[in-house]
Amino acid sequence: MKPKHFLDLHLLDGDELRHILDLANGYKRGLNVAGGDKPLDGKCLAMIFEKPSTRTRVSFEVGMVQLGGHPLVLMGENSQLGRGETIADTARVLSRMVDGVMLRTDAHEKLTEMAEYCTIPVINALTDDSHPCQLMADIMTIEEHRGPIAGKVVTWVGDGNNMANSYIHAATRFGFELRLSCPDELMVKDSILDWAANEGGNISIVKDPKLAASGADVVVTDTWVSMGDSDYDRRMELLTPYQVNEGLMAQCANDALFLHCLPAHRGEEVTDAVLDGPNSVVWDEAENRLHAQKGIMVWSMM
Ligand code: CP
Ligand code: NVA
């Protein structure tokens, strides 16, 4: 049987994604929603990090323990991957020893290669192209504060990065309107916009961030310099007009939510007043990584 990989939201259908969210919400409420209180008893997850992490590492590791399983962290530079062992060979070996692989890496092709050669589930814990686990926590957070996300207006402000790509996938699968406000030079690729258009996604590009935020139910941003980006000065210059501050939030619906996957760079993409303000749900969002991760692991590994 083909392993149940969690690689990207657009590769799963809406029912599967909703099922994962139902599991996650159950775990948040302390329910044993699948397979008793230790559904992953005796199972081992290899967590490979080729980039730094706080939330993802802690949520997977704690989540795995809470589900009765065992997390095993491999830092890229301390494993043979870091010395050039191929992904395919690593995948073959891990498939003989563990029950799932979680990978945080740079090139997305490394993730797809891992999935191709693994006979066990592979979970995308962030690549240069996408961050689907974070989106499950984001959708969960928006829905627990504002009810069903279908039909809501979400405005993405800032860099057209991996998180923006996953928001495009999520908007299309969960049926919300997504407005993208990014500088031309940092806009998401046409190919992902074409995919969304073909799938009937309601995605628009609104260059002016204030116009994009007008009447929005949710505003989301992310760091202006992602892991692996090197052009700091150019990014600051291009992105300064896209800061989420009180002026921008004033354009939104009165009770609009502010989300950020974190880590935040206070004073750059978001001001303290917004991040610590009444519209911000970033700490719930961070907590929900734990519950969402448990839903994803149970869905893929049970
Ligand atoms: N949001 C997120 O993925 O955080 P970490 O980089 O700390 O894992
Ligand atoms: N876009 C950011 C997300 C961090 C969780 C990065 O890739 O560094």
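A quick note: this is a predicted structure, and the numbers were derived from the prediction, not measured. (Residues numbered from 1 in each chain as written. Chains lettered and ligands numbered in written order. Predicted model: local features only at pLDDT ≥ 70, side-chain atom pairs only at ≥ 80, totals over all residues. Heavy atoms only, no water.)

(A) Structural detail: the pattern of salt bridges. Enumeration according to the criterion identifies 19 salt bridges in this entry. Among the salt bridges present, the one from Arg 146 reaches Asp 255, with a minimum N-O distance of 3.4 Å. Pair noted here: Arg 146 is in helix α5 (residues 132-146) and Asp 255 is in the loop between α10 (246-249) and β9 (257-260), with a separation of 109 residues, a long-range link. The closest approach of N and O atoms between Glu 177 and Arg 179, which form a salt bridge, is 3.2 Å. What makes Arg 179 buried here is its relative accessible area of 15%. Put simply, Asp 159, Asp 229, Asp 231 and Arg 235 are held in one network by salt bridges that share partners. (Salt bridge = Lys/Arg side-chain N within 4 Å of Asp/Glu carboxyl O. Helix = DSSP H or I, 4+ residues; strand = E, 2+ residues; numbered from the N terminus. Buried < 20%, exposed > 50% of the residue type's maximum accessible area, 1.4 Å probe, protein only.)

(B) Structural context of the packing of helix α3 (residues 87-97) against helix α4 (residues 108-117). It is the contact of α3 with α4, at a shortest axis distance of 8 Å, that shows an interaxial angle of 45°. Relative to α4, α3 is oriented oblique. α3 and α4 meet at a crossing whose hand is right-handed. Contact with α3, carried on its side by Ile 87, Ala 88, Thr 90, Ala 91, Arg 92 and Ser 95, involves Lys 110, Glu 113, Met 114 and Tyr 117 of α4 and no other residues of that element. Looking at the contact of α3 with α4 residue by residue, the classes come out as 5 nonpolar, 2 polar and 3 charged. (Axes fitted to C-alpha atoms, helices over the stretch in contact; angles between N-to-C directions. Parallel < 35°, antiparallel > 145°, perpendicular 65-115°, else oblique. Left-handed = near helix turned anticlockwise from the far one by under 90°. Contact = heavy atoms within 4.5 Å. Nonpolar A, V, L, I, M, F, W, Y, C, P; charged D, E, K, R; others polar.)

(C) Local environment of helix α12 (residues 282-301). In this model α12 runs 28 Å from its N-terminal to its C-terminal C-alpha over 20 residues, within 8% of the 28 Å that 1.5 Å per residue would give. The largest bend along α12 reaches roughly 30° and is located at Asn 288. Burial analysis of α12 places 16 of its 20 residues in the buried class, the great majority of the element. (Expected span 1.5 Å × (residues − 1). Bend = angle between axes of the 7 residues up to and from the residue.)

(D) Here's a closer look at the site of ligand 2. In the region of ligand 2, the neighbouring residues are Leu 126, Asn 161, Asn 162, Asp 222, Thr 223, Ser 226, Met 227, Cys 261 and Leu 262. Asp 222 is positioned such that a nitrogen or oxygen atom in its side chain is 2.6 Å from a nitrogen atom of ligand 2. Met 227 has a polar backbone atom sitting 2.8 Å from an oxygen atom of ligand 2. For ligand 2, the accessible surface in isolation is 270 Å², of which the surrounding protein chains cover 94%. Residues that form the shell around ligand 2 fall into these classes: 4 nonpolar, 4 polar and 1 charged. (Near = heavy atom within 4 Å. Polar contact = N/O pair within 3.5 Å; in protein donor to acceptor, adjacent residues only side chain to side chain. Areas by Shrake-Rupley, 256 points an atom, 1.4 Å probe, with all protein chains shown as cover.)

(E) Quick look at the sheet that holds strand β1 (residues 44-49). Taken together, the 4 strands give an open sheet; going across it, the order is β2-β1-β3-β4, and neighbouring strands pair in parallel fashion. Two strands close off the open sheet at either side, each with one partner strand: β2 (70-75) and β4 (122-124). If you compare each strand with its neighbour and ignore which way they point, the axes differ by 20° on average. Where strand β3 (residues 100-104) meets β4, 3 bridges bridge the pair, whose relative direction is parallel. Its bridge partner being in β4, Leu 103 is matched across the sheet by Asn 124. Each of β1, β3 and β4 touches α4; the most contacted strand, β4, lies at about 165° to it. (Pairing = 2+ DSSP bridges.)

(F) Looking closely at the nonpolar core. Judged by nonpolar contacts, the single largest core of 59 residues is most densely connected at Phe 6, Tyr 167 and Phe 176. Those residues within four positions of Tyr 167 in sequence are excluded, and the remaining contacts are Leu 135, Asp 138, Ile 142, Val 154, Trp 156, Phe 176, Leu 178, Val 220 and Leu 259. Leu 186, Val 244, Leu 248 and Val 270 belong to the second largest nonpolar core, which has 21 residues in total. (Core = buried A, V, L, I, M, F, W, Y, C linked by side-chain atoms within 4.5 Å.)

(G) Highlighting unusual backbone geometry. That bond from Leu 262 to Pro 263 is cis: its omega, 10°, falls within 30 degrees of zero. Relative to the helices and strands, Pro 263 is located in the loop between β9 and α11 (272-275). The phi dihedral of Leu 126 falls on the positive side, at around 120°, and the residue is not glycine. Tracing the backbone through its elements, the reader meets Leu 126 in the loop between β4 and α5. For Leu 126, a relative accessible area of 6% puts it in the buried group. Here the phi dihedral of Leu 262 falls at roughly 65°; this positive angle occurs in a residue that is not glycine. Along the chain, Leu 262 turns up in the loop between β9 and α11. The exposure class assigned to Leu 262 is buried, which follows from its relative accessible area of 9%.

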